[in-house]
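Results of the structural survey
If you want the building blocks of each chain, they are given just below.
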Amino acid sequence: MSLLTLRTLQKSFGATTVVKNFDLTMGNAEFISLLGPSGCGKTTVLRMVAGFETPSVGAIEIDGQDVTALRPNQRKIGMMFQSYALFPNLNVAGNVAFGLKVSGVPSGEITRRVDEMLAMVGLTGFGARYPYQLSGGQQQRVALARAIAPRPRVLLLDEPLSALDAKIRVALRGEIRAIQRELGITTLFVTHDQEEAMAMSDRVVVMNGGRAEQVGTPDQIYNRPASRFVAEFIGALNLLPATLRDAASGVVDTALGTLTLNRVVPQSNGAALTLAFRPESLRLLPEGSPDAGQTFTGRLVTREFLGAIVRFRAEIAGGVTLGIDCFNRTGEVLPDVGQEVRLGILPQEILVLQ
Amino acid sequence: MTPRFRIGPAIITLAAILYFFVPLYAAFQFSLQMKRGELSFAAYASVFQDGVFVNALVFSILASAAAIVFGALLVVPTAYWVRLRLPKLRPVVEFISLLPLIIPSVVLVFGQIRMFGSSSFLPLTTSDWGTNLLLVIGYVVLSLPYMFRAVDNGMAAIDIATLTEAAESLGASRARIVFTIIFPNIRAAVVSGAFLTFSICLGEFAIASLLNRSAFGPYMVQLGQDRAYEPAALAIMSFALTWLLMALMQAFATMKPGQRLFRLTLSKKSQA
Ligand SMILES: Nc1ncnc2c1ncn2[C@@H]1O[C@H](COP(=O)(O)OP(=O)(O)O)[C@@H](O)[C@H]1O
Ligand SMILES: [Mg+2]
């Protein structure tokens, strides 16, 4: 059954509409990320769910209850902010206890629950410290404990990791996900970091200009982008203009020559298309190996060492430049800049964008 | 690099110090000369022995304490609401809060007497408590410029919008947010506003005098007319009190959450 339902949400500030026709149904205990460039309306959607903004059009249901007209303090949600937003006048225990006190939980129960929450976020023994005595990562853990202590129906997180160091960010996102799974809290997570969204989410909503461009699992979003925007926004992409010659067998003409996609392209012959493929889909073929899929030759012009990956750019015939990602395996000899190489790609790895 | 000694600024600084301290020193010197031919604190003792002095001081302290409480209860929620919901109105509210600096307090008190005089719809001046209430309200108005500025600056230093949202998401009502989150976090600002209010109310003459209250301001003026040495002693003590308040204000302002200004050994052990 669906726990959170957003029905054709729309939000306008004055004449500008920043969220348009936004629909989303979240299952119980599901973790969904809103992903998109800055200013695309992610925070606005989250704030409408929290009750800090009123939708211009549409409705919000939590657990079957229409909460559109409820005030934020009546919605039983938990929220985490980028700026932590801990209460500076309260110590850690006081912060975590705040929501419990508000809802009138007996004090013995509060103490027990605060301890339990602090243990969960790895801050046992920190109860008497004040926010200014904690690091950013610790403060955000307290904020998480505070948000989940009153057992909210929905947890809302607005870029909670953006202000943290890279290492802590990665560690904390794993912990947030683990705690979310353990407690089974339905969670809506806002981020502009695609890696974060991919790593944490059951499903990702890619947003652009106030609309949901695609809703899907990380795998679907990455491997089967529904629109050109999604394809270009997520990961790196090689784009290649093409003209459709035979729609039935997927034969196209490109600057690299004629390629065969081995599938039906739902366009009429002669249509202009854009082919797209990921840098990691291109393979450097060793000397003398048999052709696999489509092959072309080119000359390497740049080589970037990125640790786990080495990223090349190669000039191919007709002025086309392609990016190629190779794993940096121990003992593997990768070619150098200036070398001629043979590249291969499988037809099923080539996306057709309109 | 050591800063070079500059003659111009040094002269200006010296002149400022002299301008301030010479009269103060003269007053202090004078206040010690009540007994002919020797220096003594007789003038100070004389002030404290005066029962009227003690009554006036106690009355003024109570009245300014009431003004502080009323003022804080008026200003904090107002400044909070304006910052949170009506930021466009902030310049207007700020201007209104500054009006008491422009309009003389005599105008204010005449307005009060006309509005709440014996023949009005609400004849507050006919009773003692009613007149005291008018005095306190007058004090609140007089201290508004200082209280509002202090509180508003205090709110600028914390992210009240996000703290409010965090508290709301945890189920807190507006009143609860103001009293458990906003007030404690701007405590230093409220305290400094309170001290300023206190020092204004203590010396205030016009309102107290025209409302015929036996407050400290009128007492000082009366004393100045009747006596020679005691007013000087009183002036020195007022200065000392003001400096003490300034020091306390500073101490409160730099205090961290959870710190106590004084370690009270009597207070029960704070929760772990
Ligand atoms: N209170 C507001 N008044 C006017 N415009 C706003 C307000 N809040 C957000 N916006 C605008 O709405 C757009 C979307 O903002 P936001 O939801 O914060 O984007 P994101 O979180 O995806 O970066 C932005 O162009 C922003 O300027
Ligand atoms: Mg945002």
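Above this text sits the structure in question.
Here is a short report on the structure shown in this document. (Residues numbered from 1 in each chain as written. Chains lettered and ligands numbered in written order. Predicted model: local features only at pLDDT ≥ 70, side-chain atom pairs only at ≥ 80, totals over all residues. Heavy atoms only, no water.)

1. Some points on the overall build of chain B
Secondary structure summary: chain B contains 12 helices and zero strands in total. Traced from its N-terminal end to its C-terminal end, chain B shows the element sequence α-α-α-α-α-α-α-α-α-α-α-α. The dimensions of chain B, computed from C-alpha atoms along their principal axes, are 75 × 75 × 50 Å. Taken across its 272 residues, chain B has 39% of its residues classed as buried. Here the analysis covers contacts within chain B between residues at least 6 apart in sequence; of these, 71% occur between residues at least 24 apart. Surface summary for chain B: the accessible area is close to 15,900 Å², and the carbon and sulfur share equals 68%. Across chain B, 20 positive and 11 negative side-chain charges occur, with their mean positions spaced 10 Å apart. (Helix = DSSP H or I, 4+ residues; strand = E, 2+ residues; numbered from the N terminus. Buried < 20%, exposed > 50% of the residue type's maximum accessible area, 1.4 Å probe, protein only. Contact = heavy atoms within 4.5 Å. Areas by Shrake-Rupley, 256 points an atom, 1.4 Å probe, with all protein chains shown as cover. Lys, Arg positive; Asp, Glu negative; His and termini not counted. Charge placed at Lys NZ, Arg CZ, Asp CG, Glu CD.)

2. Focus on the pattern of salt bridges
Evaluation of the coordinates by the stated rule reveals 24 salt bridges over all chains. Note that Glu 94 of chain B and Arg 149 of chain B form a salt bridge whose closest N and O atoms lie 2.0 Å from each other. With Glu 94 of chain B in helix 4 (residues 90-102) and Arg 149 of chain B in helix 6 (residues 128-156), this pair connects stretches of sequence that are 55 residues apart. Among the ionic contacts, a cluster of salt bridges with common partners joins Lys 11, Arg 47 and Glu 53 of chain A together with Glu 165 of chain B. (Salt bridge = Lys/Arg side-chain N within 4 Å of Asp/Glu carboxyl O.)

3. Focus on the sheet that holds strand 9 (residues 203-208) of chain A
Hydrogen bonds between backbone groups are what pair the strands of a sheet, and the pairing can be parallel or antiparallel. Residues and elements named next belong to chain A. What the six strands build is an open sheet, ordered 6-7-8-3-9-10; its pairing is mixed. Here the strands that pair on one side only, and so sit at the sheet edges, are strand 6 (77-80) and strand 10 (211-216). Neighbour-to-neighbour, the strand axes of the sheet open up by a mean angle of 20°, direction not taken into account. Alignment of strand 9 against strand 10, held across five bridges, turns out to be antiparallel. Within strand 10, the residue paired with Val 204 across the bridge is Gly 216. (Pairing = 2+ DSSP bridges. Axes fitted to C-alpha atoms, helices over the stretch in contact; angles between N-to-C directions.)

4. Observations concerning the packing of helix 2 (residues 92-102) of chain A against helix 4 (residues 136-148) of chain A
Residues and elements named next belong to chain A. The geometry of helix 2 relative to helix 4 is characterised by a closest axis approach of 7 Å and an angle of 30° between their N-to-C directions. Viewed along their axes, helix 2 and helix 4 adopt a mutual orientation that is roughly parallel. The two elements helix 2 and helix 4 meet at a crossing, and its hand is right-handed. Contacts between helix 2 and helix 4 involve Val 92, Asn 95 and Val 96 from the first element and Val 142, Ala 145 and Arg 146 from the second. (Parallel < 35°, antiparallel > 145°, perpendicular 65-115°, else oblique. Left-handed = near helix turned anticlockwise from the far one by under 90°.)

5. Observations regarding unusual backbone geometry
Residue and element names in this part refer to chain A. For Thr 8, which is not glycine, the phi torsion reads 35° and is therefore positive. One non-glycine residue, Glu 159, lies in positive phi territory at about 45°. Take Glu 159: it is sitting in the loop between strand 7 (154-158) and helix 5 (166-183).

6. Describing the nonpolar core
The nonpolar side chains of a soluble globular protein tend to be buried, and buried together. Ranked by size, the top nonpolar core spans 60 residues in total, and within it Phe 22 and Leu 188 of chain A carry the most contacts. Of all the elements, helix 3 (residues 51-85) of chain B adds the most residues to this core, at seven residues. Those residues in contact with Leu 188 of chain A that sit more than four places away from it in its chain are Leu 4, Leu 24, Met 26, Ile 32, Leu 34, Leu 46, Val 49, Leu 155, Leu 156 and Leu 157 of chain A. Ranked by size, the runner-up nonpolar core spans 33 residues in total, among them Ala 143, Leu 155, Ile 176 and Met 200 of chain A. (Core = buried A, V, L, I, M, F, W, Y, C linked by side-chain atoms within 4.5 Å.)

7. Some remarks on the side chain of Glu 168 of chain B
Position of Glu 168 of chain B relative to the elements: it lies in helix 7 (residues 160-169). Its relative accessible area of 3% is what places Glu 168 of chain B among the buried residues. Residues within four places of Glu 168 of chain B in sequence aside, it is in contact with Phe 52, Arg 71, Pro 72 and Asn 73 of chain A together with Arg 174 and Ile 177 of chain B.

8. Structural notes on empty space enclosed by the protein
Residues and elements named next belong to chain B. This model, assessed by the stated rule, comprises one cavity of 30 Å³ or more. By volume, the largest cavity is sized at about 40 Å³. Together, Phe 195, Leu 196, Ser 199, Thr 242, Leu 245, Met 246 and Met 249 line the largest cavity. Looking at the lining of the largest cavity, the elements that each hand over two or more residues are helix 9 (187-203) and helix 12 (229-253). The element that contributes the greatest number of residues to the lining of the largest cavity is helix 12, accounting for four residues. (1 Å grid on protein atoms, 1.4 Å probe; cavity = no way out; pocket = protein on both sides within 12 Å on 5 of 7 lines; lining within 4 Å. Points joined across faces, edges and corners; volume = space filled by probe spheres on them.)

9. Considerations on the interface of chain B and chain A
On the side of chain A, 26 residues touch chain B, which itself brings 23 residues to the contact. Buried surface at the junction of chain B and chain A, both sides included, amounts to about 2,100 Å², of which 62% is carbon and sulfur. Together, Glu 165, Ser 169 and Leu 170 of chain B form the three largest contributors to the area buried by chain B at its contact with chain A, with a combined 29%. There are two salt bridges connecting chain B and chain A. For Arg 71 of chain A, the salt bridge identified is with Glu 168 of chain B, shortest N-O distance 3.1 Å. Linking chain B to chain A there are five residue pairs in polar contact (both at pLDDT 80 or more). Secondary-structure elements contributing two or more residues to the side of chain B that touches chain A are helix 7 and helix 8 (174-185) of chain B. With seven residues, the top contributor of residues to the side of chain B that touches chain A is helix 7 of chain B. (Buried area = accessible area lost by both parts, 1.4 Å probe. Polar contact = N/O pair within 3.5 Å; in protein donor to acceptor, adjacent residues only side chain to side chain.)

10. So, the packing of aromatic side chains
Residues and elements named next belong to chain B. Throughout the structure, instances matching the rule amount to 15 aromatic pairs over all chains. For the ring pair Phe 20 and Phe 21, a centre distance of 5.0 Å and an interplane angle of 90° mean the geometry is edge-to-face. Residue Phe 20 is classed as partly exposed on the basis of its relative accessible area of 38%. Linked through ring pairs, Phe 20, Phe 21, Phe 239 and Trp 243 together constitute an aromatic cluster. (Phe/Tyr/Trp six-rings, centres within 6.5 Å; stacked < 30°, edge-to-face > 60°.)

11. Examining the site of ligand 1
All names here are of chain A. Neighbouring residues of ligand 1: Phe 13, Val 18, Pro 37, Ser 38, Gly 39, Cys 40, Gly 41, Lys 42, Thr 43 and Thr 44. Take Cys 40: an N or O atom from its main chain is 3.2 Å from an oxygen atom of ligand 1. The separation between an oxygen atom of ligand 1 and a polar side-chain atom of Lys 42 is 2.9 Å. If ligand 1 stood free it would expose 560 Å²; the protein chains cover 56% of that surface. Tallying contributions element by element places helix 1 (residues 42-50) first for the shell around ligand 1, with three residues. Broken down by class, the residue content of the shell around ligand 1 amounts to four nonpolar, five polar and one charged. (Near = heavy atom within 4 Å. Nonpolar A, V, L, I, M, F, W, Y, C, P; charged D, E, K, R; others polar.)

12. Details of the pairing of strand 14 (residues 272-277) of chain A
All names here are of chain A. Among the six residues that make up strand 14, five are buried, leaving the element largely enclosed by the rest of the structure. Strand direction decides the pairing type here: strand 11 (residues 238-246) and strand 14, joined by six bridges, are antiparallel. The partner of Ala 242 across the bridge, within strand 14, is Leu 273. Relative to strand 20 (residues 351-353), strand 14 runs antiparallel, the two sharing three bridges. Residue pairing for strand 20: Thr 274 is matched across the bridge by Leu 353.

13. A few points about the sheet that holds strand 1 (residues 2-13) of chain A
Residue and element names in this part refer to chain A. Strands sit in the order 2-1-4-5 across an open sheet of four strands; the sheet is antiparallel. The open sheet has two edge strands, strand 2 (16-27) and strand 5 (65-66), and neither has a second partner. Pairing between strand 1 and strand 2: eight bridges, direction antiparallel. Bridged to Lys 11 within strand 2 is Val 19.

Function cannot be inferred from these measures alone, as they are strictly geometric.
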